[in-house]
Amino acid sequence: MYRTHTCGQLREAHIGAGVRLAGWVDSIRDHGGVMFIDLRDETGVTQVVLHDDKLLGGVNRECVIAVSGAVRARDAESVNAKLDTGLVELFADTLEILGPAKAMLPFEIRESTATREDVRLKYRYLDLRNPEIHNNIVLRSQVIRHIRGKMEELGFLEMQTPILTASSPEGARDFLVPSRKFKGRFYALPQAPQQFKQMLMVSGFDRYFQIAPCFRDEDARQDRTAGEFYQLDLEMAFAEQEDVFAVAETVLTDTFETFGGKPVSPAPFRRITYADAMLKYGTDKPDLRNPLEISDLTEFFAGVEFPLFRGKPVRGIVADCKGRPKSFFESSEKYAKSIGMGGLGYLTLAGAEFKGPVAKFLSEEQRQYLVATLGIGDGETLFFVCDALPAVNKYAGEIRAWLGETLGIVRQDAFEFCFIVDFPMYERDEETNKIEFTHNPFSLPQGGLEALNTLDPLEILAYQYDVVCNGVELVSGAVRNHNPEVMKKAFAIAGYDEAELERRFGALYTAFQYGAPPHAGMAAGIDRAVMLLVGAETVRDVIAFPLNGNAQDALFGAPGEVTELQLREVHVKVR
C-alpha cells in the first residue's frame, strides 16, 4: 500500500500505531540534526520527524514521497493548534520518493494567488495545490452534487443533450467544427441546450435538468469565461413563470444556505421590473446590498433655470457624506469623468442651507421640495447625473456603485437575491436602426399574438426573467413561446420571414406544429454561483482548467496549429 492513512487523518487515538503516509512535501526544516517535513495531501498536513538526514537525499519541496513509522504525541511546546493533526507527529523510519520534483518552483504554492495569472495558468497543476484554490474546486464538486440531489427531489429527470449540433443565432458567436464526411459543412458547439430542452418538452418529458456545458466565442469578464461555462439548465412542461420562480427559490436558497456561510435573503425573492431596475439602480443586475437608490429628477429640473439640465433626463442619488474632506468630492468628480461623464454635480445640506454649484439655481421652495421628497438629512449630499437615455441610467448606476463601495456601505455579510422581470421583447439596434430581440428569441410575448399585432414592438414585454445575487446575474430564463403562429409573428417583427425562420430554427418550428405543451425554464450559472459562494474575484478561480482572459489555454497551448493533413481531412484552407 502507498498509505494506510491520509495526511489529515491522524489523531491522539493513533499514538503508538505504525502507519504509512503519502503526499507532497510542503516544507522541510532542519533543527540541528532533527529534520521536519510537513507532508500534505488533499485532506490536510501531518508533521513528519526524521533523525536520519540520509533519508532526505533527493527530496525537494513538492516532490511526492511515502513515509512509514510510528505516531507519537508532540511535546506540549510544539503542539500546532492550527492543524487538525497538530497534537501528533510521525517518527519516520523509511522514506521513498514516489514522484521527484524540480528544486526551483515557478512560485510559492501557498502564495500562488499573488502570482501573475499567466504564470499560474501555465503551471495550473501547481496552482491547484494551493489549498485556497484546491478547496474552491472541491466545493464546486459538492455544490453540483447537492444541486443534482435537490433537482431529483423536485421530480426533475437528468438528461444529456448533444455537444455537436447545428449553428443557430442565439446571441453570441458559435464555435464551429468542420465536418470530415460532408465537405464545406460545419457543426457548432451549443451556446446552450435551449432548443434541445424545449424539444424534450414537446417529446412528452415533464421536468428536465442537466449540468450543461455551454460554448460561446465571447470575450472574458470577471464573472464570465472566454469559451465554455457550465449552467444548471431546467425546463418544465405545463408551467408558468411562478412555477419556475418557486423552483429557483428552493434550489438557490437551499444551496446558498448550505455552502455560503452568510444569511440569504428569504423567499419569495423581491420582484423588480426591468424598467424599475434601470431607473432605481441604473442596471438590470442591481446589488441590493447597497442601500443607495436613484431618483428621477427630470420633471423637477424642467422647472429649474439650470441650462445644463434643461430638456435632458436627470437622476439624483442621496448619500451620507458627512465628514468627508474636499478630496472625496474631487475624487467623485474624477471618477465620473473616467467613465465618460462630463462631470458630477452635487448639493450638500448644511443645516437649513444647500451648498454646492447647483444651489444658486434653486428657489427656496424648490430646495424644500428636494429635502422633503428625497428625505435629505443634515450633512447628506445629493449627487446629480444628467445625460441622454440610456446613458443617464448607466452612469447613475456606476456612480451609485462607486459611492456604495467608497463609503463602505455595501453589506459584505449577506446574499441578496431578486428577480428582474418584464424585460422588453425587442430593442432597436443603434447602428442598423433595425428591431431585434432583446433577450431570448424563444420567449413568450406578454399579451400573445394580440400584442404582437397591435402594439409598438418597443412597448411589448416578454415573460423573461433573471435572478440577480449581489450584483451578479446568476439565472436567466423565460416562459417559452410554444405556438407556431405566435412564433412566426414574433420573428417577423425581428426581420425573419417564415422561410428564414424554418431555415434557422426549422426543427423547433416544425415540432411545435405537432402539439407542444406550454413550458418554461431557466439556466443558472454554476461557475458564477461557486464564485459567489467562495468570494472569488473571478470565475477562473473556481474552474479547474480555465482559458485565460485572452481565450488561450496557457497549459496545453490552445488554440494551436494543426497539420496540413488534418486541415485537408476536414476540407479547410487557412487564408
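Before reading further, recall that the structure is shown in the block above.
1. A short note on the overall build of the protein
Moving on, step 1. Of regular secondary structure, the protein possesses 15 helices and 22 strands.
Moving on, step 2. Principal-axis analysis of the C-alpha atoms gives the protein an extent of 90 × 75 × 50 Å.
Moving on, step 3. Counting over 575 residues, the protein shows a buried share of 48%.
Moving on, step 4. For the protein, restricting intrachain contacts to residue pairs at least 6 apart in sequence, the fraction spanning at least 24 positions comes to 67%.

2. Some words on the sheet that holds strand β12 (residues 294-296)
Moving on, step 1. Pairing within the open sheet is antiparallel, and its 5 strands lie in the order β12-β13-β16-β14-β15. Edge positions in the sheet fall to β12 and β15 (353-355), since each of these pairs with one other strand and no more. Strand after strand, the sheet turns through a mean of 30° between neighbouring axes, direction not considered.
Moving on, step 2. Across 7 bridges, strand β13 (residues 314-320) lies against strand β16 (residues 380-386) in antiparallel orientation. Residue pairing across strands places G316 opposite F384, the latter belonging to β16.
Moving on, step 3. In this fold helix α9 (residues 364-374) packs onto β12, β13, β14 (345-350), β15 and β16, with an angle of close to 90° to the strand it touches most, β15.

3. Structural notes on the sheet that holds strand β1 (residues 18-30)
Moving on, step 1. One closed barrel accounts for 5 strands, arranged β1-β2-β3-β5-β4; its pairing is mixed. Ignoring strand direction, the axes of neighbouring strands in this sheet form an average angle of 55°.
Moving on, step 2. As defined by bridge partners, strand β4 (residues 64-73) adjoins strand β5 (residues 88-99) across 10 bridges and the pair is classed as antiparallel. Counted as the bridge partner of V71 is L90 from β5.

4. Looking at the nonpolar core
Moving on, step 1. With 44 residues, the main nonpolar core has L232, L252, F256, F417 and L474 as its most contacted residues.
Moving on, step 2. Here this core gets 7 residues from one element, more than from any other, and that element is helix α5 (residues 241-259).
Moving on, step 3. The contact partners of F417, leaving out residues within four places of it in the chain, are L252, F256, V264, S265, F269, R270, L288, V467, V468, C469 and L474.
Moving on, step 4. Counting residues in hydrophobic clusters, the runner-up holds 23 residues, among them F442, I460, I493 and L501.

5. Side note on the pairing of strand β17 (residues 417-421)
Moving on, step 1. Most of β17 is tucked away, with 5 of its 5 residues classed as buried.
Moving on, step 2. Side chains of β17 alternate between two faces, with F417, F419 and V421 and C418 and I420 buried alike.
Moving on, step 3. By the bridge criterion, 4 bridges tie strand β11 (residues 270-273) to β17 in an arrangement that is parallel. Paired with I272 across the bridge in β17 is I420.
Moving on, step 4. As defined by bridge partners, β17 adjoins strand β20 (residues 464-469) across 5 bridges and the pair is classed as antiparallel. Residue pairing for β20: V421 is matched across the bridge by Y465.

6. Considerations on the packing of helix α4 (residues 194-202) against helix α13 (residues 498-511)
Moving on, step 1. Here α4 crosses α13 at 20°, and the two axes come no closer than 10 Å. In terms of orientation, α4 lies roughly parallel with respect to α13. For α4 against α13, the interelement crossing comes out left-handed. Mapping the contact onto sequence places Q195, Q198, M199 and V202 in α4 and F505, A507, L508 and A511 in α13.
Moving on, step 2. For the contact of α4 with α13, a count of residues per class yields 6 nonpolar, 2 polar and no charged.

The rules behind the values
Residues numbered from 1 in each chain as written. Predicted model: local features only at pLDDT ≥ 70, side-chain atom pairs only at ≥ 80, totals over all residues. Heavy atoms only, no water. Helix = DSSP H or I, 4+ residues; strand = E, 2+ residues; numbered from the N terminus. Buried < 20%, exposed > 50% of the residue type's maximum accessible area, 1.4 Å probe, protein only. Contact = heavy atoms within 4.5 Å. Pairing = 2+ DSSP bridges. Axes fitted to C-alpha atoms, helices over the stretch in contact; angles between N-to-C directions. Core = buried A, V, L, I, M, F, W, Y, C linked by side-chain atoms within 4.5 Å. Parallel < 35°, antiparallel > 145°, perpendicular 65-115°, else oblique. Left-handed = near helix turned anticlockwise from the far one by under 90°. Nonpolar A, V, L, I, M, F, W, Y, C, P; charged D, E, K, R; others polar.

Scope: geometric values only; no functional claims are made or implied.
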